[in-house]
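Observations on the model geometry
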Amino acid sequence: MKKIFLASLFICFIFKGYSQFYLGGQFAYNNTWLLNKQVFAEGPEMDVEASFGHYYGFIAGYYFSDIVGLELNMNVNKVAQKYRGDFKLISITNSDERAYYNSSLVLNTIDFPILLKLGKVAYFELGGIFSLVNKAIYNKTFEEDYSYRIGIYKDIPLYNDFKNVENLDVKYAFKDLGIGAVVGFGANINLIEDALKFNFGLRCNFIITDLEGVNALGYTKDKRPWVSEKETKTFKTNPLYLGLKAGLIYEFN
């Protein structure tokens, strides 16, 4: 009981006479990934390429003391993933001909990070994130017209999927909600003393729950025989986006 009392007294001493509410806006440019072990294990048929996205949104926060605060964001977010792959083509000359394609998947979400802030001028942040999926668009382009050719994928003839795909809505394949973790650090620089501040930092967002979705070929985990029963266990989509963010915040004293 004595320890609880002393701890309460300590917290009250820290927070006494100090509270500060702030609002602001931010923009972030990110290196983005849609992590899927089934894609990573495929080899040349599915390779990921460097991809980038961004988010922008609002900031609302409250500092209980000069070292402890709580912040809520609402961000309009874009996560992109580019792919490149190729298949062996059946040839009467036994030559090593291959069909090459490029594809991409763009996931649009509304994110709600909830963050514990430690420090004020320079800070460390840690918290959780709720991510609402509101759009998913898939594209695929072959480098040549292979529609009259037969390919081989997983030792199975492939002859009817050599078609370009443009702006295909694949939201149906994704779960509506993802839950994850956020970690970052940054600093606030005074533009107007104790009022307007320039905020910048580095933040990493990782959606831990599985969003399912589609792979580099636009296949869901139920696409047989191209995704085997065994592969459904590794067919999981986890967005990861890491980048620099900057914004303005206004403190209400």
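As a reminder, the structure under discussion sits directly above these lines.
What this report covers is the structure whose coordinates are included nearby. Computed from a predicted structure; not experimentally measured. (Residues numbered from 1 in each chain as written. Predicted model: local features only at pLDDT ≥ 70, side-chain atom pairs only at ≥ 80, totals over all residues. Heavy atoms only, no water.)

1. Section: the pattern of salt bridges
The criterion, for reference: For this analysis, a salt bridge means a side-chain nitrogen from Lys or Arg found within 4 Å of a carboxyl oxygen belonging to Asp or Glu. A run of H or I in DSSP becomes a helix once it reaches four residues, and a run of E becomes a strand once it reaches two; helices and strands are each numbered from the N terminus. Any residue under 20% of the maximum accessible area for its type is buried, any over 50% is exposed, and the rest in between are partly exposed; the area is computed with a 1.4 Å probe on protein chains only.
Throughout the structure, instances matching the rule amount to 15 salt bridges. Between Glu71 and Arg203 there is a salt bridge, with its nearest N and O atoms 3.7 Å apart. With Glu71 in strand 4 (residues 68-89) and Arg203 in strand 11 (residues 196-207), this residue pair connects regions lying 132 residues apart in the sequence. For Glu71, a relative accessible area of 5% gives the class buried. Linking Arg203 and Glu125 is a salt bridge whose minimum nitrogen-to-oxygen distance equals 2.8 Å. Residue Arg203 is found in strand 11, and its partner Glu125 is found in strand 6 (residues 122-142); the two are separated by 78 residues along the sequence.

2. Remarks on the packing of aromatic side chains
Just so we agree on the cut-off: Pairing of aromatic side chains here covers Phe, Tyr and the six-membered ring of Trp, requires ring centres within 6.5 Å, and sorts the geometry by plane angle: under 30 degrees stacked, over 60 edge-to-face, intermediate tilted.
Across all of its chains, the model carries 14 aromatic pairs by this definition. Between Tyr101 and Phe142 the ring centres are 5.9 Å apart and the planes differ by 55°, which places this aromatic pair in the tilted class. You can see Tyr101 sitting in strand 5 (residues 98-118) and its partner Phe142 sitting in strand 6, a full 41 residues away along the chain. For the pair shown, Tyr101 and Phe142 are each scored as buried. Summarising the aromatic geometry, the rings of Phe142 and Tyr146 are spaced 6.0 Å apart at their centres and angled 75° between planes, so their arrangement reads as edge-to-face. The pair formed by Phe142 and Tyr146 is uniform in burial state, with each residue classed as buried.

3. So, the environment of Ala195
Applicable threshold: Throughout, a contact is declared for two residues whenever any of their heavy atoms are within 4.5 Å.
Positionally, Ala195 belongs in the loop between strand 10 (177-192) and strand 11. When sequence neighbours within four positions are dropped, the list of residues in contact with Ala195 reads Ile249, Tyr250 and Glu251.

4. Some thoughts on empty space enclosed by the protein
Note the cut-off: A pocket here means an open set of points on a 1 Å grid, computed over the protein atoms alone, that has protein on both sides within 12 Å along at least five of seven lines. A cavity is instead a set of points where a 1.4 Å probe fits but cannot get out; residues with an atom within 4 Å of a point line either one. Grid points are joined across faces, edges and corners, and a volume is the space filled by probe spheres set on the points. Think of it as three bins: nonpolar holds Ala, Val, Leu, Ile, Met, Phe, Trp, Tyr, Cys and Pro, charged holds Asp, Glu, Lys and Arg, and polar takes everything else, Gly as well.
Evaluation of the coordinates by the stated rule reveals 1 cavity of 30 Å³ or more. Lining the largest cavity we find Tyr22, Ile59, Tyr63, Glu71, Lys117, Tyr123, Asn188, Asn199, Lys245 and Ile249. Taken together, the residues of the lining of the largest cavity sort by class into 5 nonpolar, 2 polar and 3 charged.

5. Structural notes on the pairing of strand 6
Heads up, the condition is: When DSSP finds at least two bridges between two strands, those strands are taken to pair.
Where strand 5 lies against strand 6, 18 bridges are found, and the strand directions are antiparallel. Note that in strand 6 the partner of Leu107 across the bridge is Ala136. Joining the antiparallel neighbours strand 5 and strand 6 is a turn of 3 residues, in which Gly119 adopts a positive phi near 100°. With 11 bridges connecting them, strand 6 and strand 10 associate as antiparallel partners. Looking across to strand 10, one finds that Glu125 is bridged to Gly184.

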